[in-house]
Amino acid sequence: QVQLVESGGGLVQPGGSLKLSCAASGFTFSSYSMSWYRQAPGKERELVATIRSAGGLTSYVDSVKGRFTISRDNTRNTVYLRLNSLKPEDTAVYYCNVRFQNVDYWGQGTQVTVSS
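Every chain is numbered independently, its residues counted from 1 as its sequence is written. Reporting of local features is limited, given that this is a predicted model, to residues whose pLDDT is at least 70; pairs of side-chain atoms are given and counted only at 80 or more, and all residues count toward the totals for whole chains, interfaces and linings. The basis for every side-chain value is the complete set of non-hydrogen atoms in the structure, without hydrogens or water.

> What is the right way to look at the overall build of the protein in this model?
Elements are defined by DSSP. Helices are runs of H or I of four residues or more, strands are runs of E of two residues or more, and each kind is numbered from the N terminus. Counting its regular elements, the protein contains zero helices and eleven strands. Taken from the N to the C terminus, the helices and strands of the protein come in the order β-β-β-β-β-β-β-β-β-β-β. For 116 residues, the compact-globule formula gives about 13 Å, and the C-alpha radius of gyration of the protein, at 13 Å, lands near that figure. We call a residue buried when its accessible area falls under 20% of the maximum for its residue type, exposed when it is over 50%, and partly exposed in between, using a 1.4 Å probe and counting protein chains only. The buried share among the 116 residues of the protein stands at 40%. Methods summary: accessible areas were calculated by the Shrake-Rupley approach with a probe of 1.4 Å, and residue burial reflects only the protein chains presented. As displayed, the protein has an accessible area near 6,200 Å², and 45% of this comes from carbon and sulfur atoms. Looking at the protein, you have 12 positive and 8 negative side-chain charges, and the mean spots of the two groups are 5 Å apart. The size measure is the radius of gyration over C-alpha atoms, and the globule rule it meets is 2.2 Å times the number of residues to the 0.38 power. Positive residues here are Lys and Arg, negative ones are Asp and Glu, while His and the chain termini are left out of the count. All charge positions are set by atom: Lys at NZ, Arg at CZ, Asp at CG, Glu at CD.

Okay, structure coming up:
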């Protein structure tokens, strides 16, 4: 079965950095696009970044362009999200996502809190 396990969240000051990881299993990781979403309190879940399976083409929501970087290691079945220059408005639970056989799968999420 598909499993996604996120890690790497925490409390960080404005301007700081974090690196999130998502370990995937249960499907052929290298064949699928992977995405990171986030959900802040009282807000809808938002797509943050996507990385394609082939070639590693990436896309980002405008609010994180130039600050966040999505990457993947197909030998480790892991997708990463590097968060730089963090702002208080980046505070949210961050989720890893894969659409496998027309079903969206999610991890349990990892909390990122940006506060002084």
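> Can you walk me through the pattern of salt bridges in this structure?
Charged atoms that come close allow side chains of opposite charge to pair. The term salt bridge refers to a side-chain nitrogen of Lys or Arg lying within 4 Å of a carboxyl oxygen of Asp or Glu. This structure, assessed with the given rule, holds six salt bridges. For the salt bridge of Asp90 with Arg67, the shortest nitrogen-to-oxygen distance reads 2.8 Å. Of this pair, Asp90 sits in the loop between strand S8 (78-83) and strand S9 (92-100) while Arg67 sits in the loop between strand S6 (58-60) and strand S7 (68-73), and the two are 23 residues apart along the sequence. When sorted by exposure, Asp90 lands in the same class as Arg67, which is buried. Among the charged side chains, a network of salt bridges with common partners joins Arg38, Glu46, Arg67 and Asp90.

> Could you clarify how one ought to interpret the nonpolar core in this entry?
Where a protein is soluble and globular, its nonpolar side chains tend to be buried together. To define a nonpolar core, start from buried Ala, Val, Leu, Ile, Met, Phe, Trp, Tyr and Cys residues and group those joined through side-chain atoms within 4.5 Å. Counting residues in hydrophobic clusters, the biggest one holds 29 residues, and the most contacted among them are Leu4, Phe27, Met34, Trp36, Val79, Leu81 and Tyr94. Going through the elements one at a time, strand S3 (18-25), strand S4 (34-39), strand S5 (46-51), S7, S8, S9 and strand S11 (110-114) are the ones with two or more residues in this core. Among residues more than four places away in sequence, those in contact with Phe27 are Val2, Leu4, Tyr32, Met34, Val98 and Phe100. Only heavy atoms matter for contacts: two residues are in contact if any of them lie within 4.5 Å across the pair.

> Honestly, the sheet that holds S3 in this entry has me stumped. Any pointers?
Any two strands with at least two DSSP-identified bridges between them are counted as paired. The strand order across the open sheet built from four strands is S1-S3-S8-S7, with neighbouring strands paired in antiparallel fashion. Both outer strands of the open sheet, strand S1 (3-7) and S7, are each paired with one neighbouring strand and no more. In this sheet, adjacent strand axes meet at a mean angle of 15 degrees when their direction is disregarded. Sheet topology places S7 next to S8; six bridges connect them, and they run antiparallel. What sits directly across from Asp73, in S8, is Thr78. Simply put, an axis is a line fit to the C-alpha atoms, just over the touching stretch for a helix, and the angle between two N-to-C directions goes from 0 to 180 degrees.

> Hey, could you run me through the packing of aromatic side chains in this one?
The way to describe two aromatic rings as a pair is by their centre distance and the angle between their planes. Any pair of Phe, Tyr and Trp rings, taking the six-membered ring for Trp, is counted once the centres come within 6.5 Å. Such a pair is stacked with planes under 30 degrees apart, edge-to-face with planes over 60 apart, and tilted for the rest. A full pass over the atoms with the stated rule returns seven aromatic pairs. Here Tyr32 and Phe100 contribute two aromatic rings whose centre-to-centre distance is 5.3 Å and whose plane-to-plane angle is 70 degrees, an arrangement assigned as edge-to-face. Of this pair, Tyr32 sits in the loop between S3 and S4 while Phe100 sits in strand S9, placing them 68 residues apart in sequence. Owing to a relative accessible area of 24%, Tyr32 belongs among the partly exposed residues under this scheme. Their ring planes at 55 degrees and their centres at 6.4 Å tell us that Phe100 and Tyr105 sit as a pair that is tilted. The class of Tyr105 is partly exposed, set by a relative accessible area of 27%. One aromatic cluster is present, built from ring pairs that chain together Phe27, Phe29, Tyr32, Phe100 and Tyr105.

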